[in-house]
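One letter stands for each residue in the lines below.
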Amino acid sequence: MKIESHKSKISYAKFAASAGIYAGFALYLYQPHFKNSGPLQYLVVVNVCLAAMGCFLLSRRWIASFRGSFFAGAVYGFGPFGLGLSVYHPTVSLLLAGIPWLFCPAALCSKRKWRWVGLPLSALPFLAIVLAFQVSAHYRLFPIPIHTKLQLAGLTGLFAPLVALERAMPLVGFYHVPIAALLLGFAILLKAHRFGIMAIFAAGTIPAFCGPFLNVSPIIWLIIPVLCCSVVIGVGMQGIVSAGYTDRKWVLITAVIMSALAIIALLLATKYYDIFAGLGAKYARLFMQTAKMYMLGAIAVSVIFFMARAKLRHTFLRWAIICSATAVDMFLGARFIVDKIL
């Protein structure tokens, strides 16, 4: 498996279809809450769609498959972190929507003679975040508490985002099935020496753990690593589907990790069920849901592993398996997050 730079032609019909599906999903999630929301809540609906579309467009730089790009956009715009920003002021979603579009100019500078322009252009999203918070401070609007930063305990959301939400912890992770693609995607990036994406990932992650500076709330920097990981998930999905006989060990390792995560979630569910008087029952149920989703991902990846081992390509069937599992996970998780927040 390898990752390449793709200059894929984007069909206007496919882009429009993606935008329509994103919009329909956003309405499905938010429409039940419209009557209890103010006018600014409509801004959130528009911005999560724009965020998904921006990530879709950006991911075409590295992902040849339309399906991979589609789910990269969906995971970014409708992931736990993106939807979790709704707990803050609705204007925060403007940054969620704008950051992927601001990365597009740097991504388009793929020709060797223009690569020197890519580095300064990659700084645009970082500057946009600083500028947005400077303007907010000038008008005495503080959309996110200034001292909200990522704690090590908050990394629970990487493993069990629904449990983290129940505990009122920051949603920093992704849904469960996409973790399989994320693991394989990072393996592909490391093997291909794509250190530029990893540098941008680190540049957004480190400030999230630090104190505020220039009136920027540290947690907002996570938009950048979440965007990077969303693109990596699209790369990983493409890698899982295109895995051949010689790549089967990577698919197997991913399936084993997903199975291990499912077992850990089951053990935690058992622990919480044993708490006196059923006080931990709600957490136990969420860990059970987490275990089911990880097991769903493990089964999907395992089926593709046996297909690769048997040298069966059946690309359409592979896409159907991984996309169906991811879609089920996203529908259930996104519905729970939006209903809980709103």
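Look up: the structure comes first, before these words.
In what follows, the accompanying structure is described. (Residues numbered from 1 in each chain as written. Predicted model: local features only at pLDDT ≥ 70, side-chain atom pairs only at ≥ 80, totals over all residues. Heavy atoms only, no water.)

Attention now moves to the packing of aromatic side chains. The full count for this structure, using the stated rule, is 18 aromatic pairs. On the basis of an interplanar angle of 15° and a centroid distance of 6.0 Å, the ring pair of Phe25 and Tyr28 is categorised as stacked. Here Phe25 and its partner Tyr28 are both found in helix α1 (residues 12-30), 3 residues apart, which amounts to about one turn of the helix. Residue Phe25 is classed as buried on the basis of its relative accessible area of 10%. Looking at Tyr28, the relative accessible area reads 38%, which means it is partly exposed. Grouped by ring-pair contacts, the aromatic residues Phe15, Tyr22, Phe25, Tyr28, Phe56, Phe66, Phe70, Phe71, Phe78 and Phe331 constitute a single cluster. Here the guanidinium or amino end of Arg248 rests over the ring plane of Tyr245, the centre of that ring lying 4.0 Å away. The side chain of Lys311 reaches across the aromatic face of Tyr245, ending 4.8 Å from its centre. (Phe/Tyr/Trp six-rings, centres within 6.5 Å; stacked < 30°, edge-to-face > 60°. Helix = DSSP H or I, 4+ residues; strand = E, 2+ residues; numbered from the N terminus. Buried < 20%, exposed > 50% of the residue type's maximum accessible area, 1.4 Å probe, protein only. Lys NZ or Arg CZ within 6 Å of the ring centre and 35° of its normal.)

Here the focus is unusual backbone geometry. With a phi angle near 60°, Arg140 is a residue other than glycine that sits in the positive phi range. For Arg140, a relative accessible area of 68% puts it in the exposed group. Phi angles above zero are rare outside glycine, and Asn215 is one such case at about 65°.

The next subject is α1. The end-to-end C-alpha separation of α1 is 27 Å, in line with the 27 Å expected for 19 residues at 1.5 Å each. Taken together, the buried positions of α1 are occupied by Ser18, Ala19, Tyr22, Phe25, Ala26, Leu29 and Tyr30. Angularly, the buried residues of α1 cover 130° about the axis, an arc narrow enough to put them on a single face. On its buried face, α1 sits against α2 (41-59), α3 (66-77), α4 (80-84) and α15 (315-341). (Expected span 1.5 Å × (residues − 1). Arc of directions from axis to C-beta. Contact = heavy atoms within 4.5 Å.)

It is worth spelling out the nonpolar core at this point. With 107 residues, the main nonpolar core has Tyr30, Tyr76, Phe78, Leu83, Ile129, Ile220 and Ile322 as its most contacted residues. Ranked by residues supplied to this core, first place goes to helix α12 (residues 223-242) with 13 residues. Ignoring sequence-local partners within four residues, the contact set of Phe78 consists of Tyr22, Phe25, Ala26, Leu29, Val48, Ala52, Leu83, Tyr175, Met330 and Ala334. Formed by 5 residues, the second largest nonpolar core is a distinct cluster that contains Val177, Ala300, Ile321 and Ala325. (Core = buried A, V, L, I, M, F, W, Y, C linked by side-chain atoms within 4.5 Å.)

For the structure on display, the rule yields 3 salt bridges. Its salt-bridge partner being Glu166, residue Lys340 comes within 3.2 Å of it at the nearest N-O pair. A residue pair is termed long-range when its members are at least 10 positions apart, and Lys340 in helix α15 and Glu166 in helix α9 (residues 161-166) qualify at 174 residues. Assessed through its relative accessible area of 42%, Lys340 is described here as partly exposed. (Salt bridge = Lys/Arg side-chain N within 4 Å of Asp/Glu carboxyl O.)

Among the surface-exposed residues, Leu131, Val135, Tyr139 and Leu141 lie close enough to one another that they form a single nonpolar patch of about 410 Å² accessible area. Mapped onto the elements of the fold, Leu141 is located in the loop between α7 (124-138) and α8 (156-159). (Patch = residues over 30% accessible without salt bridge, like charges linked within 9 Å, V, L, I, M, F, W, Y side chains within 5 Å. Areas by Shrake-Rupley, 256 points an atom, 1.4 Å probe, with all protein chains shown as cover.)

The next point concerns helix α5 (residues 92-108). Residue pairs three or four apart in sequence face the same way in an α-helix, which turns once every 3.6 residues. Roughly 30° is the biggest bend found in α5, and it falls at Gly98, with proline Pro100 one to four residues downstream. Buried within α5 are the following residues: Val92, Ser93, Leu95, Leu96, Ala97, Ile99, Pro100, Phe103, Cys104, Ala106 and Ala107. (Bend = angle between axes of the 7 residues up to and from the residue.)

Next up on the list: the state of the cysteines. Taken as a whole, this structure holds 0 disulfides when the rule is applied. In this structure Cys229 is a free cysteine whose sulfur lies 6.8 Å from that of Cys228, the closest cysteine sulfur available. (Disulfide = S-S within 2.5 Å.)

Packed helices, taken two at a time, are described by the angle between their axes plus the distance between the axes. α15 packs onto helix α14 (residues 281-309) with a crossing angle of 170° between their chain directions and a minimal axis gap of 9 Å. Classified by the angle their axes make, α14 and α15 are roughly antiparallel. Between α14 and α15, the contacting residues are Leu286, Gln289, Met293, Leu296, Ala300, Val301, Val303, Ile304, Met307 and Ala308 on the first element and Leu317, Arg318, Ile321, Ile322, Ala325, Val328, Asp329, Leu332 and Phe336 on the second. (Axes fitted to C-alpha atoms, helices over the stretch in contact; angles between N-to-C directions. Parallel < 35°, antiparallel > 145°, perpendicular 65-115°, else oblique.)

Next up on the list: the environment of Asp329. Within the secondary structure, Asp329 sits in helix α15. Asp329 gets classed as buried once you look at its relative accessible area, which sits at 1%. Through-space distance from the C-alpha of Asp329 to that of Gly211 is 34 Å; in sequence the pair is 118 residues apart. Ignoring sequence-local partners within four residues, the contact set of Asp329 consists of Tyr175, His176, Val177, Pro178 and Met293. A distance of 2.7 Å separates the side chain of Asp329 from the backbone nitrogen of Val177, its partner in a polar contact. (Polar contact = N/O pair within 3.5 Å; in protein donor to acceptor, adjacent residues only side chain to side chain.)

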